[in-house]
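Fold and geometry: a report
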Amino acid sequence: MKVRLTIVITCFLVAFMSLTGCKKEQKQGRVTVKDYQFVTRQDGPHSYAIDAKGTVKNVGSVDVKNIIITGYCNSCGKMMINGQWFISDVEKMPEQKAVISYLTPGAEEPFKFKGVAFMMQQSGMKPEKMPDSMEVKIVSFETVQQ
């Protein structure tokens, strides 16, 4: 009697594990920055800013939406010093981000935003070089469930 009960319980456990272990795989979105470049712009008589532009691509297998892209200057200081690139440590302003509303799999979309880094130059001369370490990152996106 105990052997039969053990066999029945084992069969039920195997059947239960088989049914619960076969969940449908959830597809996830993947978005990458395909290419980007930084450009220097004169913002005022003695101030300069670095802006970014490029292309983002959906390399996943599902649609994605609300893609937020921004830039970072890792080698910039946080204090405004004449002739040196700096960043502000407050939250990014809307013009410092790009938002792409929707991308289908394989689709690409251009982006641009302002204010990756700033410089005050009392001489008014254009800065000779860019900061050493700058990058563009995808901050967030949402996967469209189908």
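Since the model is a prediction, treat every value here as computed from it, not as a measurement. (Residues numbered from 1 in each chain as written. Predicted model: local features only at pLDDT ≥ 70, side-chain atom pairs only at ≥ 80, totals over all residues. Heavy atoms only, no water.)

1. Notes on a nonpolar patch on the surface
Taken together, the side chains of Leu5, Ile9, Leu13, Phe16 and Met17 define a hydrophobic patch exposed on the protein surface, amounting to about 530 Å² of accessible area. Within the secondary structure layout, phenylalanine 16 lies in helix α1 (residues 2-20). Residue phenylalanine 16 is classed as exposed on the basis of its relative accessible area, which comes to 53%. (Patch = residues over 30% accessible without salt bridge, like charges linked within 9 Å, V, L, I, M, F, W, Y side chains within 5 Å. Areas by Shrake-Rupley, 256 points an atom, 1.4 Å probe, with all protein chains shown as cover. Salt bridge = Lys/Arg side-chain N within 4 Å of Asp/Glu carboxyl O. Helix = DSSP H or I, 4+ residues; strand = E, 2+ residues; numbered from the N terminus. Buried < 20%, exposed > 50% of the residue type's maximum accessible area, 1.4 Å probe, protein only.)

2. A word on the environment of lysine 137
Relative to the helices and strands, lysine 137 is located in strand β6 (residues 134-143). Counting along the chain gives 51 residues from lysine 137 to phenylalanine 86, while the straight-line C-alpha distance between them is 19 Å. Ignoring sequence-local partners within four residues, the contact set of lysine 137 consists of Ile68, Ile69, Thr70 and Tyr72. (Contact = heavy atoms within 4.5 Å.)

3. Here's the deal with the packing of aromatic side chains
On inspection of all chains with the given rule, the structure shows three aromatic pairs. Consider the rings of tyrosine 36 and phenylalanine 38, whose centres lie 5.5 Å apart with planes at 75°: the pair is edge-to-face. Of the residues examined, tyrosine 36 reaches a relative accessible area of 39% and is grouped as partly exposed. When the ring centre of tyrosine 72 is taken as origin, the NZ or CZ atom of lysine 92, which lies over that ring, is 4.8 Å away. The ring centre of tyrosine 72 lies 5.7 Å from the NZ or CZ of lysine 137, which sits over that ring. (Phe/Tyr/Trp six-rings, centres within 6.5 Å; stacked < 30°, edge-to-face > 60°. Lys NZ or Arg CZ within 6 Å of the ring centre and 35° of its normal.)

4. Section: the sheet that holds β6
The strand order across the open sheet formed by three strands is β4-β3-β6, and the pairing between neighbours is antiparallel. Each end of this open sheet is capped by a strand with a single partner; those strands are β4 (97-103) and β6. Recorded for the sheet is a direction-independent mean angle of 20° between the axes of neighbouring strands. Summarising the sheet, strand β3 (residues 64-73) and β4 pair through six bridges and their orientation is antiparallel. Directly across from threonine 70, in β4, lies its bridge partner lysine 97. (Pairing = 2+ DSSP bridges. Axes fitted to C-alpha atoms, helices over the stretch in contact; angles between N-to-C directions.)

5. Focus: the pattern of salt bridges
Taken as a whole and assessed by the stated rule, the structure comprises five salt bridges. The residue glutamate 135 makes a salt bridge to lysine 137 at a minimum N-O spacing of 3.8 Å. For glutamate 135, a relative accessible area of 24% gives the class partly exposed. Here lysine 137 falls in the partly exposed class, since its relative accessible area comes to 40%.

6. With respect to the nonpolar core
Counting 23 residues, the largest nonpolar core has Ile69, Phe111, Phe113 and Val116 as its most contacted members. At the level of secondary structure, the elements contributing two or more residues to this core comprise β1 (31-42), β2 (47-58), β3, β4, β5 (108-120) and β6. Of the residues forming this core, the biggest block, five residues, is contributed by β5. Those residues in contact with isoleucine 69 that sit more than four places away from it in its chain are Val56, Gln96, Lys97, Ala98, Ile100, Phe111, Phe113, Val136, Lys137 and Ile138. (Core = buried A, V, L, I, M, F, W, Y, C linked by side-chain atoms within 4.5 Å.)

Shape is all these values report; function is a separate question.
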